Number of protein chains: 2
Amino acid sequence: MVRLDSTEPDFSTAFARLLTAKREIAQDVDEAVRAIIAGVVSGGDRALVDYTRRFDRLGPDFSPASLRVSEAEIAAAVAACPAEALDALRLAAERIEAFHRAQVPADHRATDALGVTAGWRWTALESVGLYVPGGTASYPSSVLMNALPARVAGVPRIVMVVPTPDGVLNPLVLAAAHLSGVHEVYRVGGAQAVAALAYGTETIGAVAKVVGPGNAWVAAAKRRVFGQVGIDMIAGPSEVLILADHHANPDWIAADLLAQAEHDVAAQSILITDSAELADAVEAAVERALTTLPRQEIARASWRDYGAIVRVRDFDEAVPLVDRIAPEHLEIETQDAEALSRKIRNAGAIFLGSHTPEAIGDYVGGPNHVLPTARSARFSSGLGVLDFMKRTTILACTPESLRALGPAAITLGRSEGLEGHARSVAIRLNL
Amino acid sequence: MVRLDSTEPDFSTAFARLLTAKREIAQDVDEAVRAIIAGVVSGGDRALVDYTRRFDRLGPDFSPASLRVSEAEIAAAVAACPAEALDALRLAAERIEAFHRAQVPADHRATDALGVTAGWRWTALESVGLYVPGGTASYPSSVLMNALPARVAGVPRIVMVVPTPDGVLNPLVLAAAHLSGVHEVYRVGGAQAVAALAYGTETIGAVAKVVGPGNAWVAAAKRRVFGQVGIDMIAGPSEVLILADHHANPDWIAADLLAQAEHDVAAQSILITDSAELADAVEAAVERALTTLPRQEIARASWRDYGAIVRVRDFDEAVPLVDRIAPEHLEIETQDAEALSRKIRNAGAIFLGSHTPEAIGDYVGGPNHVLPTARSARFSSGLGVLDFMKRTTILACTPESLRALGPAAITLGRSEGLEGHARSVAIRLNL
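Computed from a prediction, not measured in an experiment: that's the story for all the values here. (Residues numbered from 1 in each chain as written. Chains lettered and ligands numbered in written order. Predicted model: local features only at pLDDT ≥ 70, side-chain atom pairs only at ≥ 80, totals over all residues. Heavy atoms only, no water.)

Asker: Help me understand the side chain of Ser142(A) in this model?
Answerer: Take Ser142(A): it is sitting in helix 5 (residues 140-153). Separated by 3.0 Å, the side chains of Ser142(A) and His369(A) make a polar contact. (Helix = DSSP H or I, 4+ residues; strand = E, 2+ residues; numbered from the N terminus. Polar contact = N/O pair within 3.5 Å; in protein donor to acceptor, adjacent residues only side chain to side chain.)

Asker: Would you take a moment to explain the packing of aromatic side chains for this structure?
Answerer: How two aromatic rings sit relative to each other is set out by the distance from centre to centre and by the angle between their planes. All names here are of chain B. In total, this model carries 8 aromatic pairs over all chains according to the counting rule given. Ring geometry for Phe-55 and Trp-217: centres 6.2 Å apart, planes at 55 degrees, overall tilted. With Phe-55 in helix 3 (residues 45-55) and Trp-217 in helix 9 (residues 216-225), this pair connects stretches of sequence that are 162 residues apart. Phe-55 sits in the partly exposed class, given a relative accessible area of 33%. (Phe/Tyr/Trp six-rings, centres within 6.5 Å; stacked < 30°, edge-to-face > 60°. Buried < 20%, exposed > 50% of the residue type's maximum accessible area, 1.4 Å probe, protein only.)

Asker: Explanation requested: the domain arrangement of chain A in the structure shown.
Answerer: For interface size, the figure often reported is the accessible area lost on association. Under the domain assignment used here, chain A contains domain 1 (2-24 + 236-365), domain 2 (30-106 + 125-231) and domain 3 (397-426). Here the C-alpha centre of domain 3 of chain A lies 57 Å away from the C-alpha centre of domain 1 of chain A. (Domains from an automatic or database assignment.)

Asker: Sorry, what's going on with the sheet that holds strand 5 (residues 158-161) of chain A here?
Answerer: By way of backbone hydrogen bonds, the strands of a sheet pair with one another, either parallel or antiparallel. All names here are of chain A. Reading across the sheet, the 5 strands line up as 6-5-4-7-8 and stay open at both edges, with parallel pairing between neighbours. Pairing within the sheet leaves two strands with one partner each, and these edge strands are strand 6 (184-186) and strand 8 (230-231). Inspection of the sheet shows strand 7 (residues 209-211) paired to strand 8 by 2 bridges, in the parallel sense. Bridging across to strand 8, Val-210 finds its partner in Ile-231. This element, helix 7 (residues 190-199), spans strand 4 (128-131), strand 5 and strand 7 of the sheet and lies at about 170 degrees to strand 4. (Pairing = 2+ DSSP bridges. Contact = heavy atoms within 4.5 Å. Axes fitted to C-alpha atoms, helices over the stretch in contact; angles between N-to-C directions.)

Asker: Help me understand the packing of helix 8 (residues 190-199) of chain B against helix 9 of chain B, please; the structure alone is not making it clear to me.
Answerer: The packing of two helices is summarised by the inter-axis angle and the distance between the axes. All names here are of chain B. Between helix 8 and helix 9, the least distance of the axes is 8 Å, while the angle of their chain directions is 25 degrees. In terms of orientation, helix 8 lies roughly parallel with respect to helix 9. As for how helix 8 packs across helix 9, the hand of that crossing is right-handed. Residue-level contacts link Gly-190, Ala-191, Val-194, Ala-198 and Tyr-199 of helix 8 to Trp-217, Val-218, Ala-221, Lys-222 and Val-225 of helix 9. Counted by class, the contact of helix 8 with helix 9 contains 8 nonpolar, 1 polar and 1 charged residues. (Parallel < 35°, antiparallel > 145°, perpendicular 65-115°, else oblique. Left-handed = near helix turned anticlockwise from the far one by under 90°. Nonpolar A, V, L, I, M, F, W, Y, C, P; charged D, E, K, R; others polar.)

Asker: Help me understand the relation of the copies chain A and chain B, please; the structure alone is not making it clear to me.
Answerer: Here two copies of a chain appear, and what relates them is a rotation about an axis with a shift along it. With an RMSD of 0.0 Å, the operation that places chain A on chain B is a rotation of 180 degrees combined with a shift of 0.0 Å along the axis. Within this description, the copies of the chain are treated as partners about a two-fold rotation axis. When the interface residues of chain A are mapped onto chain B, 100% of them are again interface residues, pointing to one common binding face. (Least-squares fit on C-alpha atoms with pLDDT ≥ 70 in both.)

Asker: Where do I start with the nonpolar core in this structure?
Answerer: As a rule of thumb, nonpolar side chains are buried together in soluble globular proteins. Ranked by size, the top nonpolar core spans 147 residues in total, and within it Met160(A) and Met160(B) carry the most contacts. Residues contacting Met160(A), with those up to four places away along its chain left out, are Leu130(A), Val132(A), Val143(A), Val173(A), Ala177(A), Val182(A), Glu184(A), Val185(A) and Tyr186(A). (Core = buried A, V, L, I, M, F, W, Y, C linked by side-chain atoms within 4.5 Å.)

Asker: Is there a simple way to explain unusual backbone geometry in this structure?
Answerer: Glycine aside, a negative phi is what most residues show, and trans is what most peptide bonds show. Although it is not a glycine, Asn430(A) adopts a positive phi angle of roughly 50 degrees. Inspection of the secondary structure puts Asn430(A) in the segment after helix 16 (419-426). A relative accessible area of 73% means that Asn430(A) is categorised as exposed. Although it is not a glycine, Ala326(B) adopts a positive phi angle of roughly 50 degrees. When you line up the elements, Ala326(B) lands in the loop between helix 13 (315-325) and strand 12 (329-333). Here Ala326(B) falls in the buried class, since its relative accessible area comes to 0%.

Asker: I would appreciate a short explanation of the sheet that holds strand 1 (residues 2-5) of chain B in the present structure.
Answerer: What the 9 strands build is an open sheet, ordered 2(A)-3(A)-14(A)-13(B)-12(B)-9(B)-10(B)-11(B)-1(B); its pairing is mixed. Of all strands in the sheet, those bounded by a partner on one side alone are strand 2 (108-111) of chain A together with strand 1 of chain B. Shown here is a sheet whose adjacent strand axes are inclined to one another by a mean of 20 degrees, direction ignored. Where strand 9 (residues 239-244) of chain B and strand 10 (residues 268-273) of chain B come together, 6 bridges link them in parallel fashion. Each residue of the ladder has a partner; that of Ile242(B), found in strand 10 of chain B, is Leu271(B). In the packing of helix 1 (residues 11-20) of chain B onto the sheet, contacts are made with strand 1, strand 10 and strand 11 (308-311) of chain B, and the angle to strand 1 of chain B comes to roughly 140 degrees.

Asker: Mind showing me how you'd approach the pairing of strand 2 (residues 108-111) of chain B here?
Answerer: On a regular strand, each side chain points to the face opposite its neighbour's, so the side chains alternate between the two faces of the sheet. Residue and element names in this part refer to chain B. Bridge analysis of strand 2 against strand 3 (residues 117-124) gives 4 bridges, and the strand direction is antiparallel. Looking at the pairing, Ala-110 lines up with Ala-118 of strand 3. Between strand 2 and strand 3, which follow one another and run antiparallel, lie 5 residues, and Gly-115 among them has a positive phi close to 100 degrees.

Asker: Where do I start with the UniProt feature "binding site: substrate" (unreviewed entry) in chain A in this structure?
Answerer: Here the UniProt-annotated "binding site: substrate" (unreviewed entry) positions come out as Ser238(A), Gln260(A), His263(A), His329(A), Asp362(A), Glu416(A) and His421(A). A maximum C-alpha distance of 55.8 Å is found for the annotated residues, which run over 184 residues; spatially they are spread out rather than grouped. The residue Glu416(A) is located in the loop between helix 15 (399-415) and helix 16 in this model. When neighbours within four sequence positions are excluded, Glu416(A) is seen to be in contact with Tyr139(B), Pro140(B), Ser141(B) and Tyr363(B). Within the element layout of this structure, His421(A) appears in helix 16. (UniProt positions renumbered as here; feature names shortened; annotations may be inferred.)

Asker: Please explain the packing of helix 2 (residues 30-43) of chain B against helix 9 of chain B as it appears in this structure.
Answerer: Residue and element names in this part refer to chain B. The geometry of helix 2 relative to helix 9 is characterised by a closest axis approach of 9 Å and an angle of 65 degrees between their N-to-C directions. As for how helix 2 packs across helix 9, the hand of that crossing is right-handed. Together, Asp-30, Ala-32, Val-33, Arg-34, Ile-36 and Ile-37 of helix 2 and Trp-217, Ala-220, Ala-221, Arg-224 and Val-225 of helix 9 make up the contact between the two elements. Among the residues forming the contact of helix 2 with helix 9, the class breakdown is 8 nonpolar, no polar and 3 charged.

Asker: How should I be thinking about helix 2 (residues 30-55) of chain A in this particular structure?
Answerer: Structurally, the α-helix is built with 3.6 residues per turn, so residues lying three or four positions apart point the same way. Residue and element names in this part refer to chain A. For helix 2, with 26 residues, the first-to-last C-alpha span of 17 Å runs short of the 38 Å given by 1.5 Å per residue. Maximum bend of helix 2: about 135 degrees, positioned at Gly-43. For helix 2, the complete set of buried residues consists of Val-33, Ile-36, Ile-37, Gly-39, Val-40, Gly-44, Asp-45, Ala-47, Leu-48, Val-49, Tyr-51 and Thr-52. Contact partners of the buried residues in helix 2: helix 7 and helix 8 (216-225). Phi turns positive, to about 55 degrees, at Arg-57, one or two residues after helix 2. (Expected span 1.5 Å × (residues − 1). Bend = angle between axes of the 7 residues up to and from the residue.)

Here is the structure:
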């Protein structure tokens, strides 16, 4: 953990160092991923099953017929889930769906004074593949956050893939798939699953877009299939930035910093405050809270290597620092949180006030928890309904409006050396 | 050119072949591009000037001070443009800006029955870099189509880069930059220009996103800097698909097919019709029109290698074919164009009726001409205002609403093995 102070002479250098700290371990798996994708493209189900047996340690009885998780298996998994967890998932699903319903975009069409009609129409993608990690990173909440916007968009075919290392599958993940209207579930993972979604096999029909988080293999595979299909962002390690003044409760702030840090040793938690007292109190509270945290080894490493407490003169000084960090999650626990939030340009999601811990947003708040990391909130948004729709523009000229606009199009076509463009207009005007 | 007929037994194989024809020449420039980017990152202006001297054949007097195109040079370029072309550009700019103004998204915020406030806020990107190709592919219309949505979005800093091979710069390109509110223009191109935009040099400040078309070097550079900055789609060769019945004028259809074919030998023009007579007439009309077209060599090669005329029994049969092709441009010249258009899911832009040649949309229609190619209209949209904005979600709980939602968040956090998440909620509820 570093302590920075904006009044110190080397502050801008130290802050720049914080900003450029490399938190991702770039595993070089690209060549292996290329081979796996080529294998699935040429070998189909057979190759997919071979890779899955090998990487997920499954026996020789795992066959193409084993790929799909049946309706009966899903029903059995739902029945096996604790009632309390199922109820919590249902509440989360309802709230996430309600929030995203407000994101459905409107079509538009207007006819101007010349008689030209122009506008656009939004349509859902024809199919989507959702990657869900296996093992300990298999989060039912992420199933909801990825599948529900697709359902709200009206995607008629939502396919989920999830690896089952050693045959183990989290029943809550299947319950979340069931609750969020996933149409097909396959027990495959890794680059081979991404390849199957992008190119299709005998059993798994190709989709138009692949979304969802994954390890280095999955990320490399998504980069490679981009173009053949659409992909969502490549997620990096999670991060939180908290703005807090001396009114804030240091134990609450410490809990929020550690909720982020427990994700991953590469996660990052930062506090920016105008209060030296709060800075000291939070530093001490983090140490206390760490001692009883089950994932304290992970959280301690993250806080040690990437944590930061930055003291500023006032919050106006903090605004440009926040915009440079462009945090995935921004908590504002100051007296005037709402007004301060309006000054910020770059953040994935903002949590206002001391009763809005980021973890509420991870599960049941309603907004999506799939958010831009690693400063990409400067140029991108969290996942939403628009990621599962696309816009087709519409243009219609009448003979009269073509007569009005045609000469300018002919002039521009010729000025660009594209006489064929000019002629396609001129021929309709007998020019 | 191939003629296909849906009544023939090998139709589905032949159509699949049409769909998968590789039209892109994959130039392997990736390693050279990697080196150029590394050079600009470490060498800044000095490296940028060196690459530019070499690739654009500029003399030793080209220095960091020469990089920026001055206001006086832009004013002189505007003064040197033919009045007719300037007027046409102005008309185009007005119409494009008006169309895109309707795309500015609304913010949203609502408080639910529990007292949870949730919503989102859209903000413009802080800065954008627009790549404009040099030489013959230097299109002023593309400057308008890329810069105006950024201006409408409210981007406070729009930077344009354009190479000047042998020192030559198209005055209409500078005029288009002036008309569309570009703030800074630099005479650099290629991978070195993309690197400068993404990482910044002493003279060129880094931007948050790089957009605009370019050759294989530019495309490879955009792929490489993605993550450091945002990028728009990687554009492939252009394409048009025309649906027409026997009422259509074969000479007009031929003109539209050739307007597309003249772009590039890798462009693709396809006609789908239910009329054998129209199919024959268009085939003959294309041959006639080719003989007088200035760019007939390019158009002839494109039509020969990638052109197609597909006859179908009726247009209901055409709908799934269109959706599989997912054309960049779709012209519908049938009696019931509007109704037919509603059945199509996948298309970048639709041009309705026989008086709406695609070339009108290239210049003065209003909708954007930067559109998804190579079947990517299955999962993506043309350029628009949303590409220059990003959404920040907002969440605010009251103490009461946190009490209502908290237990479900705690349950889900624990079920995912994230006790720190659960505690950050529980500590606020004294649980």
